[in-house]
Amino acid sequence: QIKVNVLDSISEYGYSLDDRDSSLFKEEYNKLKEILDNSEINEEEYSEEIARLFIIDLYSIKTKVNKYDVGGKEFYYTDKVTMYENKVKDTLYDLVEDDSYGKRTQQLPVVSKIETKNITVDKYKLGEEEVDAYIIELEWEYEKDLDYDSKGFVTVVKDGIKWSVVAFTTDIDTEED
């Protein structure tokens, strides 16, 4: 049976790196550690790195043990994480085969490259309150193109002491007021 070993953690923020994470995730995780090691944390850099790690973890499905091993949840907004997990299990991860014994043959994606296209400072309505938000536009590529999403917009807001993903879409909102 597969055992996942934690290699490093930033426990104050609830982030961790394990031996199943991709090499790109490990690189970006180390960038996040550097950002958080500063006495003055640059909130825009921090938010951008959270968005990048979120996408890499969510779409590197090959590194997951099964459909319940939802990527990106450690970067998701605390009060919305259960809703997020359920949505991912029912959609993107719905057909992921179990790999508890390391015998999965299913072809699954691993993000190999990610690029920040734009960062917008905005407001986000959280309940009754409007809070500061960063909307990070990203594009990414895979080790092998299996027709998964390759661009999207990640909205990041303050979540206690950390910044977390509160919304994610793969297309720009075209609604007009």
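All values reported here derive from a predicted model rather than from experimental measurement.

In this section: the overall build of the protein chain. A tally of helices and strands in the protein chain yields three helices and six strands. For the protein chain, the α and β elements follow one another from N to C terminus as β-β-α-α-α-β-β-β-β. Here the protein chain has a C-alpha radius of gyration of 16 Å; the compact-globule value for 177 residues is 16 Å, and the two agree. Taken across its 177 residues, the protein chain has 44% of its residues classed as buried. A fraction of 54% describes how many contacts in the protein chain between residues 6 or more apart in sequence connect residues 24 or more apart. On the protein chain, roughly 10200 Å² of surface is accessible, and the fraction owed to carbon and sulfur atoms is 42%.

Contact geometry for helix α1 (residues 23-37) and helix α2 (residues 43-59): axes closest at 10 Å, N-to-C directions at 160°. Relative to α2, α1 is oriented roughly antiparallel. Note that α1 runs across α2; the crossing there is left-handed. Residues L24, F25, E28, Y29, K31, L32, I35 and L36 of α1 lie in contact with α2, whose contacting residues are E45, Y46, E49, I50, R52, L53, I56 and D57. Here the residues of the contact of α1 with α2 sort into 10 nonpolar, no polar and six charged.

Here the focus is the pattern of salt bridges. Inspection of every chain in the model, using the stated rule, returns 12 salt bridges. Across the pair D99 and R104 runs a salt bridge, and its minimum N-O distance is 3.8 Å. You'll find D99 and R104 in the same group, each marked buried. One salt bridge connects E139 with K117, and the closest N-O pair in it is separated by 3.9 Å.

Our focus in this paragraph is the packing of aromatic side chains. Aromatic ring pairs are defined here through the distance separating the ring centres and the angle between the ring planes. Overall, the coordinates contain 13 aromatic pairs when judged by the stated rule. Aromatic pair F25 and Y29: ring centres 6.4 Å apart, planes at 20°, arrangement stacked. Separated by four residues within a single helix, F25 and Y29 lie in helix α1, roughly one turn from each other. When the ring of F54 is compared with that of Y84, the centres are 5.7 Å apart and the planes differ by 50°; the resulting orientation is tilted. In this pair, F54 is assigned in helix α2 and Y84 in helix α3 (residues 81-90), connecting sequence segments 30 residues apart. Y84 matches F54 in its accessibility class, with the two residues each being buried. Here the aromatic cluster, defined as three or more aromatic residues joined through ring pairs, consists of Y13, Y15, F25, Y29, Y46 and F75.

Pairing in this open sheet of four strands is antiparallel, and the strands run β3-β4-β5-β6 from one edge to the other. Looking at the sheet topology across the chains shown, the edges are occupied by β3 (111-126) and β6 (162-169). With strand direction ignored, the average angle separating the axes of adjacent strands in the sheet is 30°. Note: β3 against strand β4 (residues 129-142), 14 bridges, orientation antiparallel. Residue pairing across strands places V111 opposite Y142, the latter belonging to β4.

Within α3, burial applies to V81, Y84, E85, V88 and K89. Summarising the axial view, the buried residues of α3 lie within an arc of 130°, below the 170-degree limit, and thus occupy one face. Set apart from the buried face of α3 by more than 90 degrees, the exposed residues are T82, M83, K87 and D90.

Thresholds applied
- Residues numbered from 1 in each chain as written.
- Predicted model: local features only at pLDDT ≥ 70, side-chain atom pairs only at ≥ 80, totals over all residues.
- Heavy atoms only, no water.
- Helix = DSSP H or I, 4+ residues; strand = E, 2+ residues; numbered from the N terminus.
- Rg over C-alpha atoms; globule rule 2.2 N^0.38 Å.
- Buried < 20%, exposed > 50% of the residue type's maximum accessible area, 1.4 Å probe, protein only.
- Contact = heavy atoms within 4.5 Å.
- Areas by Shrake-Rupley, 256 points an atom, 1.4 Å probe, with all protein chains shown as cover.
- Axes fitted to C-alpha atoms, helices over the stretch in contact; angles between N-to-C directions.
- Parallel < 35°, antiparallel > 145°, perpendicular 65-115°, else oblique.
- Left-handed = near helix turned anticlockwise from the far one by under 90°.
- Nonpolar A, V, L, I, M, F, W, Y, C, P; charged D, E, K, R; others polar.
- Salt bridge = Lys/Arg side-chain N within 4 Å of Asp/Glu carboxyl O.
- Phe/Tyr/Trp six-rings, centres within 6.5 Å; stacked < 30°, edge-to-face > 60°.
- Pairing = 2+ DSSP bridges.
- Arc of directions from axis to C-beta.

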